[in-house]
Amino acid sequence: MQIVRIGYSSRGIMQGGQNPDKRYILATGEKAVSRLDLLERIFGPATRHLLSAAGLCSGLRVAEIGCGIGLTARWVSAQVSPGGSVAGVDSSTEQLRIAEKSGAEAGITNLSFHEGSAYETGLPRDGFDLVYSRFLLCHLDDPLKALAEMSSLLKRGGILVCEDHDDGGIFTEPPTQAYKRLVEISGTVNRSHALDAHIGLKLPRLFREMGFSQPEVKVNQVALLRGEEKRFWELTLREAAPAILAAQASTSAELNVICEEMRKIAQDESILLMLARVTQVWARKT
Ligand SMILES: C[S@@+](CC[C@H](N)C(=O)[O-])C[C@H]1O[C@@H](n2cnc3c(N)ncnc32)[C@H](O)[C@@H]1O
């Protein structure tokens, strides 16, 4: 398996302007692995259900955009066998190195990884039966442009599948200061990067704007009382600290207090954490 570099000029800058790697607010590479593994534990079951409901089966040619360390792509590669293949695209070399190594160690031969931008993947037009993204659009300042790129990769009759979250689904019962501040801080950071904290709920409308006239929709609200998964936002906040401080959305001292409160909430089974609301949308290209 080899990482193919596409979508960048020889100076490492995306042809469209800025290098997306520089704008991504979370960690990449080894520093991102434990959080992405936790993310997969939390959201993986619903993702597998979604992709199966959307028609994933053997023989399909699939592209995953913003594939991260390849956790979903690896599962998809087994589902499309025999006869199918998966191309994973991400803007981070570090993520792709891990994805490639894990794929090779697992002996997977129908999976390739490509370094590129979601706005200009460099993958063949009309070349795929199913194109998928998870938690990518919430990191992009022009999600419609990425959706247009994903649509252009699909053959006629191919299926576009996207899932993404919105901050409105994050809260605790009873309410806690830590989670109230998390949503406020996230809002400030997102605004400073021109990102949409509510992209998930807008997906059905964006699909229609892209010409997918009959999108299907499902909402997955993750609720937790216990377990390592309940620390997801604490770990995310720690990872996003440099971007939070740069946006002046909080201070190091406040982040420490919030993370400590989140750690205690994770151990307190009397507090219900609504971890995330994920909107899943899929539609066929006509
Ligand atoms: C939150 S992670 C999700 C990874 C994976 N989809 C998953 O759910 O496990 C977002 C991924 O999008 C990638 N990314 C961010 N901006 C991008 C862009 N403009 N083009 C391509 N990938 C991008 C990041 O490098 C990161 O791997």
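Residues numbered from 1 in each chain as written. Predicted model: local features only at pLDDT ≥ 70, side-chain atom pairs only at ≥ 80, totals over all residues. Heavy atoms only, no water.

Asks: Is there a simple way to think about the pairing of strand β2 (residues 61-65) in this case?
Replies: It is a general feature of regular strands that their side chains alternate between the two faces of the sheet. Most of β2 sits out of view: 4 of its 5 residues are buried. Both β2 and strand β3 (residues 85-90) contribute to a ladder of 5 bridges, which runs parallel. Of the residues in β3, the one forming a bridge with Glu64 is Gly88. In terms of handedness, the path from β2 via helix α3 (residues 71-79) over to β3 forms a crossover that is right-handed. Relative to strand β5 (residues 128-134), β2 is paired through 3 bridges, and the arrangement is parallel. Bridge pairing in β5 places Val62 opposite Leu130. (Buried < 20%, exposed > 50% of the residue type's maximum accessible area, 1.4 Å probe, protein only. Helix = DSSP H or I, 4+ residues; strand = E, 2+ residues; numbered from the N terminus. Pairing = 2+ DSSP bridges. Right-handed = clockwise from strand over helix to strand, strands pointing away.)

Asks: Please clarify how the pattern of salt bridges should be interpreted in this entry.
Replies: Side chains carrying opposite charge are able to pair once their charged atoms draw close together. For the coordinates displayed, the defined rule picks out 18 salt bridges. A salt bridge links Arg125 to Glu149; its shortest N-O distance comes to 2.6 Å. A residue pair is termed long-range when its members are at least 10 positions apart, and Arg125 in the loop between β4 (111-115) and β5 and Glu149 in helix α5 (residues 143-153) qualify at 24 residues. Residue Glu149 is classed as buried on the basis of its relative accessible area of 8%. In this structure, Arg181 engages Glu254 in a salt bridge whose closest nitrogen and oxygen atoms are separated by 2.5 Å. (Salt bridge = Lys/Arg side-chain N within 4 Å of Asp/Glu carboxyl O.)

Asks: Which parts of the structure should I look at to understand the packing of aromatic side chains?
Replies: The final tally for this structure, using the stated rule, is 4 aromatic pairs. Between Phe43 and Phe232 the ring centres are 6.2 Å apart and the planes differ by 80°, which places this aromatic pair in the edge-to-face class. Taken together, the positions of Phe43 in helix α2 (residues 30-54) and Phe232 in helix α8 (residues 232-239) put the pair 189 residues apart, joining distant regions of the chain. In this pair, the class of Phe43 matches that of Phe232, namely buried. Each ring, one from Phe232 and one from Trp233, has its centre 5.2 Å from the other, and the planes form 75°; the classification is edge-to-face. (Phe/Tyr/Trp six-rings, centres within 6.5 Å; stacked < 30°, edge-to-face > 60°.)

Asks: Teacher, can you tell me more about the environment of Leu140 here?
Replies: You can see Leu140 is positioned in the loop between β5 and α5. Relative accessible area serves as the criterion here: at 10%, Leu140 is assigned to the buried category. On a C-alpha basis, the gap between Leu140 and Ser270 in space is 36 Å, while along the polypeptide they are 130 residues apart. Discounting residues that sit within four places of it in the chain, Leu140 has contacts with Ala118, Tyr119, Ala146, Ala194 and Leu195. (Contact = heavy atoms within 4.5 Å.)

Asks: Would you mind going over unusual backbone geometry with me for this structure?
Replies: Excluding glycine, residues mostly have negative phi values, and the peptide bonds linking residues are mostly trans. The amide bond that connects Ser81 to the next residue, Pro82, takes the cis arrangement and shows omega of -5°. Looking at the element boundaries, Pro82 is found in the loop between α3 and β3. With an omega of 5°, the peptide bond between Glu173 and Pro174 qualifies as cis. Topologically, Pro174 is positioned in the loop between β7 (171-173) and α6 (177-192). Although it is not a glycine, Asp126 sits at a positive phi angle of roughly 50°. Within the fold, Asp126 resides in the loop between β4 and β5. Even without being a glycine, Phe135 presents a positive backbone phi close to 50°. The topology assignment puts Phe135 in the loop between β5 and α5.

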